[in-house]
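# Structural overview for review
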Amino acid sequence: MTIRVRIAPSPTGPIHVGNVHTALFNWLYARRHGGKFILRFEDTDRERSRPEWEQVIFEDLDWLGIDWDEGPDKGGPYGPYRQTERLELYRQYAQQLLESGHVYKCYCTKEEEDADRREAQAAGRPYQYKGRCRDLTPEQQAAFEAEGRKPVLRFRVPKGEVIGYNDLIRGPIEFPTDSIGDFIIMRANGMPLYNFAVVIDDVTMKITHILRGEGHISNTPVQLLIYRALGFPVPEIGHLGHMTNPEGGKLSKRKGDAAIRDYREQGYLPEAMLNFMSLLGWTPPGAESGREFLTKDELIRDFDLGRVTKASSVFDRNKLNWMNGVYIRKKSLDEFAELALPFVVKSGLYTEEKARANWDWFKEVMAQVHERVETLAEVPEHVDIFLKDEIEVDEKAAKKFLTDAVKPFFQRVSEGLRTVEWTIPAIEKLVRSTQEEMGLKPKESFQPIRVAITGRTASPGLFETIYLIGRERVLERMAPYC
Ligand code: GLU
């Protein structure tokens, strides 16, 4: 049997880290077992579903290196892969259920249902459909039709039974059917509801394993009833634990930590994200002895559902930052410079053309921060002194270090810098010998240069800094104090 797993996001917004986590576990499972990973869209919310969001989902998964074997963009043997293109299929199965008596036409109005809902609320019990249309005679139905009412299709939930399944991650789970009210499978306009459409999709796409978030546990009995009514075999089903923030709450849009896109924009590397997220709810072999860095190939090789927990896991940003820093440091300088470039460009400090025209120099600038940053977004703030045309000189520092007393020293150093061979050792030799000859302390010599050329009292090594800022700019920045 070929393992077939899927994710079924709604293209109504950027893909959430929770969905990506589910995608990752499904994908790892498929890749581990030589199975297929399917991407399909639940786009029946026509108002909110957008092709742009589909594009974002494709791009974000691509960025992470999660590839799919079948999908709306790729096609495949069991398409189409958008629910709105499968409406006829849902209609046929709904008709079958109608004929077998598992569903019935319900003509209740919204007002009637709202009133029932209020009544249940007032009595402090959960709302369940009252069953008003459960046993309508053909005459009663005809009368409603004559009034112009359009029916929804409702599932006739059997009373007094227990329905259950063996969750791949949680073990046996059972639900009394009495806790489930008759539910709608199709709206009057022919749009299927999630629980019905998902079953039809999973069956017709030959899905063998369903791995999804624990939020869907309560939907499972409803889906099981549909499988049973249609005589379909039930796939294996497992529910993954939640991800929470360190306070135990949900990851939220507001804090910019919900969409995977946010992480991309904040300068996280896809390898780090994949590695970090794989550890949320899964324990790799060797974890006992501290193994937590795994390449994509290792993740695929070692992934095992038996080591996936139902417990929730903490999305710990500090740990992610640390891991991301490790991944950044593993990059070659060339790779790092390429990765950092878009962040530098976005910050407005430097253009891509200039960086490409001075690539070796740009790389040397990047070398200054390669070991120091945890995210790519931090790069610009560390290199601005090298890239900016204009700097702002800190007033306090200027007052302290850029006094008239530095003039003679600055004049001599500037003179020398005009012609010195532009290498770090030559610059160092020039500055040091001038300082020594004039009998100055570092505080009276090095620090004033640093303040004049960077605007600040702290920077990477002075001679490297002079070298990287470049002859022309250094002379320009020292000139006002000469
Ligand atoms: N659209 C649903 C979700 O992304 C699919 C749920 C399922 O996997 O059954 O949560």
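All values reported here derive from a predicted model rather than from experimental measurement.

Conventions we followed
Residues numbered from 1 in each chain as written. Predicted model: local features only at pLDDT ≥ 70, side-chain atom pairs only at ≥ 80, totals over all residues. Heavy atoms only, no water. Near = heavy atom within 4 Å. Polar contact = N/O pair within 3.5 Å; in protein donor to acceptor, adjacent residues only side chain to side chain. 1 Å grid on protein atoms, 1.4 Å probe; cavity = no way out; pocket = protein on both sides within 12 Å on 5 of 7 lines; lining within 4 Å. Sits in = over half its atoms within 2 Å of the grid points. Nonpolar A, V, L, I, M, F, W, Y, C, P; charged D, E, K, R; others polar. Buried < 20%, exposed > 50% of the residue type's maximum accessible area, 1.4 Å probe, protein only. Helix = DSSP H or I, 4+ residues; strand = E, 2+ residues; numbered from the N terminus. Contact = heavy atoms within 4.5 Å.

### Some words on the site of the ligand
- In the region of the ligand, the neighbouring residues are Arg6, Ala8, Pro9, Asn19, Glu42, Tyr194, Val198, Arg212 and His216.
- The side chain of Arg6 places a nitrogen or oxygen atom 2.6 Å from an oxygen atom of the ligand.
- For the ligand, an oxygen atom lies 2.9 Å from a polar atom in the side chain of Arg212.
- Placement of the ligand is best described as lying within the largest pocket.
- Looking at the shell around the ligand residue by residue, the class counts come to four nonpolar, two polar and three charged.

### Notes on helix α9 (residues 270-278)
- With eight of its nine residues buried, α9 lies for the most part within the structure.
- When we look at burial in α9, the residues that qualify are Pro270, Ala272, Met273, Leu274, Asn275, Phe276, Met277 and Ser278.
- In this fold, the buried residues of α9 make contact with α1 (17-32), α2 (51-64), α8 (260-265), α10 (296-302) and α11 (317-330).

### Notes on the environment of Ile237
- The topology assignment puts Ile237 in strand β9 (residues 236-240).
- Taking the relative accessible area as the measure of exposure, Ile237 reaches 2% and is therefore buried.
- It is 36 Å that separates the C-alpha atoms of Ile237 and Gly325, two residues lying 88 residues apart in sequence.
- In contact with Ile237, not counting residues within four places along its chain, are Tyr165, Asn166, Asp167, Leu168, Ile210, Arg212, Thr220 and Leu224.

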